[in-house]
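If you want the building blocks of each chain, they are given just below.
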Amino acid sequence: PYILLTPYHPLAWNYADTRLVSVMNETEGIIKNVADNLKIKVYGSYNPSKGDCSKDEFFDIMHAKDTCLSKIKTD
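What this report covers is the structure whose coordinates are included nearby. (Residues numbered from 1 in each chain as written. Predicted model: local features only at pLDDT ≥ 70, side-chain atom pairs only at ≥ 80, totals over all residues. Heavy atoms only, no water.)

Here we look at a nonpolar patch on the surface
Our working definition: Here a patch means residues that are over 30% exposed by relative accessible area and free of salt bridges, tied together within 9 Å if like-charged and within 5 Å if nonpolar (Val, Leu, Ile, Met, Phe, Trp, Tyr). For the accessible areas, the method is Shrake-Rupley and the probe is 1.4 Å, while residue cover comes only from the protein chains on display. Throughout this description, the term salt bridge denotes a Lys or Arg side-chain nitrogen within 4 Å of a carboxyl oxygen of Asp or Glu. Put simply, DSSP marks the helices as runs of H or I at least four residues long and the strands as runs of E at least two long, and each gets a number from the N terminus on. Exposed residues in this analysis have more than 50% of their type's maximum accessible area, buried residues have under 20%, and partly exposed residues fall in between, with area computed by a 1.4 Å probe over protein chains only.
The grouping of Leu-11, Ile-61 and Met-62 at the surface amounts to a nonpolar patch, some 290 Å² of accessible area in total. By the secondary structure assignment, Ile-61 is in the loop between strand E2 (41-44) and helix H2 (66-69). Judged by relative accessible area, which is 41%, Ile-61 ranks as partly exposed.

A word on the pairing of strand E1 (residues 2-5)
Side-chain positions along a regular strand alternate between the two faces of the sheet. Put simply, the rule reads: In this analysis, strands are considered paired if DSSP registers two or more bridges between them. A right-handed crossover is one whose linking path, passing over the helix from the first strand to the second, runs clockwise when the strands point away from the viewer.
Relative to E2, E1 is paired through four bridges, and the arrangement is parallel. Following the sheet pairing, Ile-3 is matched in E2 by Val-42. Considered for its hand, the β-α-β crossover made up of E1, helix H1 (residues 19-38) and E2 is right-handed.

Some words on the side chain of His-9
Just so we agree on the cut-off: Pairs of residues are marked as contacts when any of their non-hydrogen atoms sit within 4.5 Å.
In this fold, His-9 is placed in the loop between E1 and H1. Other than its neighbours up to four places away in sequence, His-9 contacts Pro-48, Lys-55, Phe-58, Asp-60 and Ile-61.

Some thoughts on the packing of aromatic side chains
Heads up, the rule is: Stacked, edge-to-face and tilted are the three classes for Phe, Tyr and Trp ring pairs, Trp counted by its six-membered ring, which pair at centre distances within 6.5 Å; planes under 30 degrees apart are stacked, over 60 edge-to-face, the rest tilted.
With the rule as written, the count across this model stands at two aromatic pairs. Each ring, one from Tyr-2 and one from Tyr-43, has its centre 5.4 Å from the other, and the planes form 70°; the classification is edge-to-face. Linking Tyr-2 in strand E1 with Tyr-43 in strand E2, this pair joins segments that are 41 residues apart in sequence. According to the relative accessible area criterion, Tyr-2 is exposed, its value standing at 55%. Assessed through its relative accessible area of 13%, Tyr-43 is described here as buried.

Re the state of the cysteines
In a disulfide, the sulfur atoms of two cysteines are held together by a covalent bond. Our working definition: Throughout, a disulfide means two cysteine sulfur atoms within 2.5 Å of one another.
All chains considered together, the criterion is met by one disulfide. With a sulfur-sulfur separation of 2.0 Å, Cys-53 is cross-linked through a disulfide to Cys-68. Taking the torsion about the sulfur-sulfur bond, which here is approximately 90°, the covalent link between Cys-53 and Cys-68 counts as right-handed. Placement of the pair is Cys-53 in the loop between E2 and H2 and Cys-68 in helix H2, with a sequence separation of 15 residues.

All quantities given are derived from atomic positions and should not be read as evidence of function.
So this is what it looks like as structure tokens:
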């Protein structure tokens, strides 16, 4: 098994001091911690800049298009 984190639209990340950004970062950290403890690989990130996804590669704030998803690095 593995965990796949799909990015949120870049607009969701525009304001680093918002609750949304804080929760996404915290949740991603928890997921990675749990995955490490269980020896499960994590692919992707909620942060679109880590996958080089542009704002045009999303249907809406939460749903990335295949062009963005195809940039997620796997082993």
